[in-house]
Amino acid sequence: PRLRCPAPNSPPEHTYNASFSHERHTGKVTKDYCRALKYQIANMGVIDCSEYLSLTQPEETKDFVMNQTMLRVKDPRASLDFYCKGLGLTLMDVKDFPDAKFSLYFLAYVNRADIPTDKLEKDRWVAKVPATIELTWNHGTETEAGNVYNTGNSDGGVKGGFGHLGISCPDVYAACERLHTMGVPFQKSPNAGRMKGLAFVRDPDGYWIELLSSTRPTPTQAVDCLGAKLES
């Protein structure tokens, strides 16, 4: 969209030829663009995002990857038909946990020939693929009548279907230490619970963000940011 605002001593119809697509593709945010955006925002009654449009990524996060979004599904075969056959995503990996009665399916837009065949190498590779979808099937839900999960779109009356966003990073413990010092609330610290070396934090609305390691085997340390011990 074109951003319109009056420049100093110029008629109101003056237009800056700045566009969101230009800024996105060039990675440059000009002063004119920021000024036009501030003017537009002031007249729309929404927040001023110009600070964030020009913000430099913190050095500590340079190796982070927006890795996954997890969705709980009722019937994995129906979901895989939709995502793989309908939308064309590639099923990269499957992890079954029969004792815990759930299975995970990892999908993304990738070339199947690029997926490593060695299990450990595949784990490393999948953890670094941006924007994957993790489908979670809790065994037995496929036999339940009607809708099982609330998708977050005002379905009402059933369990929440949305799970979390997943961010992979080389050192989960260091990332958690940094977030803890920033006052970010934790749903699970790296050493809490049965699954060690991964964490869940909560965003301001309470949505869960998983922090998982892109290193294999998954590193652990004796004590995490909340003081939880590895062997507790």
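Residues numbered from 1 in each chain as written. Predicted model: local features only at pLDDT ≥ 70, side-chain atom pairs only at ≥ 80, totals over all residues. Heavy atoms only, no water.

## Regarding a nonpolar patch on the surface
Here is the rule we go by: Only residues above 30% relative accessible area that lack a salt bridge enter a patch, with like-charged residues linked at up to 9 Å and the nonpolar side chains Val, Leu, Ile, Met, Phe, Trp and Tyr linked at up to 5 Å. A 1.4 Å probe and the Shrake-Rupley method give the accessible areas. Residues count as covered only by the protein chains that appear here. Put simply, a salt bridge is a Lys or Arg side-chain nitrogen that is within 4 Å of an Asp or Glu carboxyl oxygen. A run of DSSP states H or I qualifies as a helix once it reaches four residues; a run of E qualifies as a strand once it reaches two. Both are numbered from the N-terminal end. The cut-offs for exposure are 20% and 50% of the maximum accessible area for each residue type, with area from a 1.4 Å probe on protein chains only; residues under the lower value are buried, those over the upper are exposed, and the others partly exposed.
The grouping of Phe82, Leu87 and Tyr109 at the surface amounts to a nonpolar patch, some 350 Å² of accessible area in total. Examined against the element boundaries, phenylalanine 82 turns out to sit in helix α4 (residues 76–86). Judged by its relative accessible area of 46%, phenylalanine 82 falls in the partly exposed class.

## A short note on helix α5 (residues 119–126)
Short version of the rule: What the arc measures is the spread of directions leading from the helix axis to the C-beta atoms. Within 3.5 Å is the distance limit for a polar contact, defined as a pair of N or O atoms, with the added protein rule that one can donate a hydrogen and the other accept it, and that residues adjacent in sequence qualify only through two side-chain atoms.
Residues of α5 that are buried include every one of Lys122, Asp123 and Val126, and no others. The arc enclosing the buried residues of α5, seen along the axis, measures out at 100°, which places them on a common side. The N-capping residue of α5, defined by a side-chain oxygen 3.2 Å from the backbone nitrogen of leucine 120, is aspartate 118.

## Details of the nonpolar core
Heads up, the rule is: Among the buried residues, those of types Ala, Val, Leu, Ile, Met, Phe, Trp, Tyr and Cys that are joined through side-chain atoms within 4.5 Å form a nonpolar core. It only takes one pair of heavy atoms within 4.5 Å for two residues to be counted as in contact.
Grouped together as the largest cluster of nonpolar side chains are 12 residues: Ile167, Cys169, Val172, Ala175, Cys176, Leu179, Phe186, Ala199, Val201, Ile209, Leu211 and Cys225. Among the elements of the structure, β9 (162–169), α6 (172–181), β11 (199–202) and β12 (208–213) are those that each provide at least two residues to this core. In terms of residue count, α6 provides more of this core than any other element does, four residues in total. Not counting residues up to four positions away in its chain, the partners in contact with leucine 179 are Val184, Val201 and Leu211. Core analysis: the second largest hydrophobic core is formed by nine residues, Leu80, Tyr83, Tyr105 and Ile133 among them.

## Focus: unusual backbone geometry
In this structure, proline 217 follows arginine 216 across a cis peptide bond, with omega equal to -5°. With respect to the helices and strands, proline 217 occurs in the segment after β12. Phi is positive for lysine 101, close to 65°, though the residue is something other than glycine. Here lysine 101 lies in the loop between β4 (90–97) and β5 (102–108). The backbone phi angle of alanine 131 is positive, close to 55°, even though this residue is not glycine. Among the secondary structure elements, alanine 131 is positioned in the loop between α5 and β6 (132–138).

## Examining the layout of surface pockets
Quick note on the threshold: Buriedness of a pocket was judged along seven lines, with at least five required to meet protein on both sides within 12 Å; pockets are open sets of points on a 1 Å grid over the protein atoms alone, cavities are sets where a 1.4 Å probe fits but cannot get out, and lining residues have an atom within 4 Å of a point. Grid points are joined across faces, edges and corners, and a volume is the space filled by probe spheres set on the points. Side-chain classes are defined by residue name, with Ala, Val, Leu, Ile, Met, Phe, Trp, Tyr, Cys and Pro counting as nonpolar, Asp, Glu, Lys and Arg as charged, and the others, Gly among them, as polar.
Roughly 920 Å³ of internal volume is contained in the largest pocket. Lining the largest pocket we find 30 residues, and of these Leu104, Glu134, Met195, Leu198 and Glu210 sit closest to its centre. For the lining of the largest pocket, the elements supplying multiple residues, two or more each, are β3 (65–73), β4, β5, α5, β6, β10 (186–188) and β12. In terms of residue class, the lining of the largest pocket is made up of 12 nonpolar, nine polar and nine charged.

## Topic: the pairing of β12
Rules: A pair of strands is labelled paired if DSSP reports no fewer than 2 bridges between them.
Most of β12 sits out of view: five of its six residues are buried. Bridge analysis of β9 against β12 gives six bridges, and the strand direction is parallel. Among the inter-strand pairings, serine 168 is bridged to a residue of β12, identified as leucine 212. Pairing analysis gives four bridges linking β11 to β12, with the strands arranged antiparallel. Residue pairing for β12: arginine 202 is matched across the bridge by tryptophan 208. Counted along the chain from β11 to the antiparallel partner β12, the turn is five residues long, and its residue glycine 206 has a positive phi close to 95°.

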